[in-house]
Amino acid sequence: MVVLGIILLVVGFVTGLSILWTIGIVLVAIGAILWLLGTMGHAVAGRKHYW
């Protein structure tokens, strides 16, 4: 999810489409939160680890 968000950020920046930029920021933020929760040992969506 983080990688997809970064790709959308880059594409949105290059093409000038603000909707891709916004979606990219949201995906990076959600991916980072899920990643941090997974590394701290919290179960995320029923899984012990989140990749």
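Residues numbered from 1 in each chain as written. Predicted model: local features only at pLDDT ≥ 70, side-chain atom pairs only at ≥ 80, totals over all residues. Heavy atoms only, no water.

### Some remarks on the packing of aromatic side chains
Within this structure, the stated rule accounts for 1 aromatic pair. With centroids separated by 6.2 Å and ring planes inclined at 45°, the aromatic side chains of Phe 13 and Trp 21 adopt a geometry described as tilted. On the basis of relative accessible area, Phe 13 is assigned to the exposed category, the value being 63%. The class for Trp 21 is partly exposed, based on a relative accessible area of 38%. (Phe/Tyr/Trp six-rings, centres within 6.5 Å; stacked < 30°, edge-to-face > 60°. Buried < 20%, exposed > 50% of the residue type's maximum accessible area, 1.4 Å probe, protein only.)

### Examining helix H1 (residues 2-15)
The periodicity of an α-helix, 3.6 residues per turn, causes residues three or four positions apart to be oriented the same way. Taking 1.5 Å per residue as the helical rise, H1 with its 14 residues ought to reach 20 Å, and the 20 Å between its terminal C-alpha atoms agrees with that figure. Within the sequence span of H1, burial applies to Gly 5, Leu 8, Leu 9 and Gly 12. Within H1, the buried residues cover an arc of 105° as seen down the axis, which keeps them to one side. Exposed side chains of H1 directed beyond 90 degrees from the buried face belong to Val 3 and Val 14. (Helix = DSSP H or I, 4+ residues; strand = E, 2+ residues; numbered from the N terminus. Expected span 1.5 Å × (residues − 1). Arc of directions from axis to C-beta.)

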